[in-house]
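Structure assessment
So the chains spell out like this:
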Amino acid sequence: MNEISCKILDYYQVRKTKKQKEEFRKYIIHELNQYGYCPRIQNKGINNNIIIGNMEKAKIFCTAHYDTQAVLPFPNLIVPNNFFGLILSQLAIIICVLILIFLINIVFIKLFVWTGLFNGFELSIASSISWLIIMIWMLFGKANKHTANDNTSGVVTIIESAIKLPEDFRDEISFVLFDNEELGLLGSAAFAKEYKEYIKNKLIINFDCVSDANDIFFFPTKQIKNDQSKHEVIIKTFASTNYINVHMNKGFGFYPSDNFNFKYAYGVCSLKKGLFYYLDRIHTSRDIIFNEENIELLSDGVCKLVNTIHLHKPQ
């Protein structure tokens, strides 16, 4: 991997506070300037998206979110392409949240009993406060120090792709690093709204959690789900190896990331294979797996895809 990517892994895995994000943006802009890029910041409300390349000329956009999340005591388990598995995974998360609320309620109940104020009304207050504490914790709690997969892997995929790409091909693609995905896809929503004319009918490929398994999935949005020609190009350029399998998700499934904000998009992730394909470890201190082979396959694939577009461009 490039020295920039290694430094991101070593020093810039935490990108949660305003200061941490600003330091990361300054580093990325400074380093990419050395490679002939002139990244700029789209500042829209609380969002600061990093735009790399010429959006006016770009035929495709490759994206990832750079913000990171609070550390949680349980993983954000995702089963994106099996309906039964999806229901079970969501139930598991709900159960974990309810257990936390129950434990917080016990603390409040003991407090009310100790002060002699305990009754049914105080119990409802305790429950409401418990829910509020959990929500604030999940959104604004202590930063997770380990974000190798979510989403340092996506960030590094973008950086590696940009650096590998020959200068003659750079007008064919624009790279974007989104802010505030963890707060509800806010950065990509701001980008899609302000630059809707630039991205109209353009393909978006969004990388989010791509380093912690050997099965890489491309999840198409419904607008391109039946576009076999696009799928064939993707599978050909992002080709499987002896160690990594690349899949096009054609049946039930959706990947909950920034690709939601675009019509013609793929959400890309790596999933483990068990009873269902699943994603785990993220949002916890166990998010430390970074498979460099995945990053190499995806960044090489981006360059091959851009090369294909360049060769088919009218002269």
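For the structure, see preceding data.
Bear in mind the structure is a predicted one, so any value in this text is a computation, not a measurement.

Points about the overall build of the protein
Broken down by element type, the protein carries 9 helices and 9 strands. Computed over C-alpha atoms, the radius of gyration of the protein comes to 21 Å, within 12% of the 20 Å expected from 2.2 N^0.38 for 315 residues, which places it in the range of a compact globule. Across its three principal directions, the C-alpha atoms of the protein cover 80 × 40 × 35 Å. The long-range share in the protein, meaning contacts at least 24 apart out of those at least 6 apart in sequence, stands at 82%. When the accessible area of the protein is evaluated, it comes to approximately 15,400 Å², of which 59% is carbon and sulfur surface. Of the side-chain charges in the protein, 33 are positive and 31 negative, and the distance between the mean point of each set is 5 Å.

Observations regarding the nonpolar core
It is characteristic of soluble globular proteins that their nonpolar side chains tend to be buried jointly. If you look at the biggest cluster of nonpolar residues, it comprises 49 residues, and the most contacted ones within it are I8, F175, I205, F218 and F238. In this structure, M55, V176, F178 and I204 belong to the second largest nonpolar core, which totals 13 residues.

Here we look at the packing of aromatic side chains
Evaluation of the coordinates by the stated rule reveals 18 aromatic pairs. Ring geometry for Y12 and Y27: centres 4.8 Å apart, planes at 15°, overall stacked. On the criterion of sequence distance, the pair formed by Y12 in the loop between α1 (3-11) and α2 (18-33) and Y27 in helix α2 is long-range, its members being 15 residues apart. We classify Y12 as buried; its relative accessible area is 17%. Taking the centre distance of 5.5 Å and the plane angle of 25° together, the rings of F24 and Y66 count as stacked. Of this pair, F24 sits in helix α2 while Y66 sits in the loop between β3 (60-65) and α3 (83-115), and the two are 42 residues apart along the sequence. Comparing F24 with Y66 shows no difference in burial state: the two are buried. Connected via pairs of aromatic rings, a cluster forms that spans F61, F178, F191, Y195, Y198 and F262.

A few points about the packing of α1 against α2
Running from amino to carboxyl end, α1 crosses α2 at an angle of 170°, the nearest separation of the two axes being 11 Å. The pairing of α1 with α2 is recorded here as roughly antiparallel in orientation. Residues E3, I4, K7 and I8 of α1 form the contact with α2, whose participating residues are F24, Y27, I28 and E31.

A short note on the packing of α1 against helix α5 (residues 148-164)
Relative to each other, α1 and α5 sit at 165°, their axes nearing to 9 Å. Taken together, α1 and α5 sit at an angle that is classed as roughly antiparallel. Viewed along their axes, α1 and α5 form a crossing whose handedness is right-handed. Each of I4, S5, I8 and L9 in α1 lies in contact with α5, whose residues at this interface are T152, V155, V156, I159, E160 and I163. For the contact of α1 with α5, the residue count by class is 7 nonpolar, 2 polar and 1 charged.

The rules behind these values
Residues numbered from 1 in each chain as written. Predicted model: local features only at pLDDT ≥ 70, side-chain atom pairs only at ≥ 80, totals over all residues. Heavy atoms only, no water. Helix = DSSP H or I, 4+ residues; strand = E, 2+ residues; numbered from the N terminus. Rg over C-alpha atoms; globule rule 2.2 N^0.38 Å. Contact = heavy atoms within 4.5 Å. Areas by Shrake-Rupley, 256 points an atom, 1.4 Å probe, with all protein chains shown as cover. Lys, Arg positive; Asp, Glu negative; His and termini not counted. Charge placed at Lys NZ, Arg CZ, Asp CG, Glu CD. Core = buried A, V, L, I, M, F, W, Y, C linked by side-chain atoms within 4.5 Å. Buried < 20%, exposed > 50% of the residue type's maximum accessible area, 1.4 Å probe, protein only. Phe/Tyr/Trp six-rings, centres within 6.5 Å; stacked < 30°, edge-to-face > 60°. Axes fitted to C-alpha atoms, helices over the stretch in contact; angles between N-to-C directions. Parallel < 35°, antiparallel > 145°, perpendicular 65-115°, else oblique. Left-handed = near helix turned anticlockwise from the far one by under 90°. Nonpolar A, V, L, I, M, F, W, Y, C, P; charged D, E, K, R; others polar.

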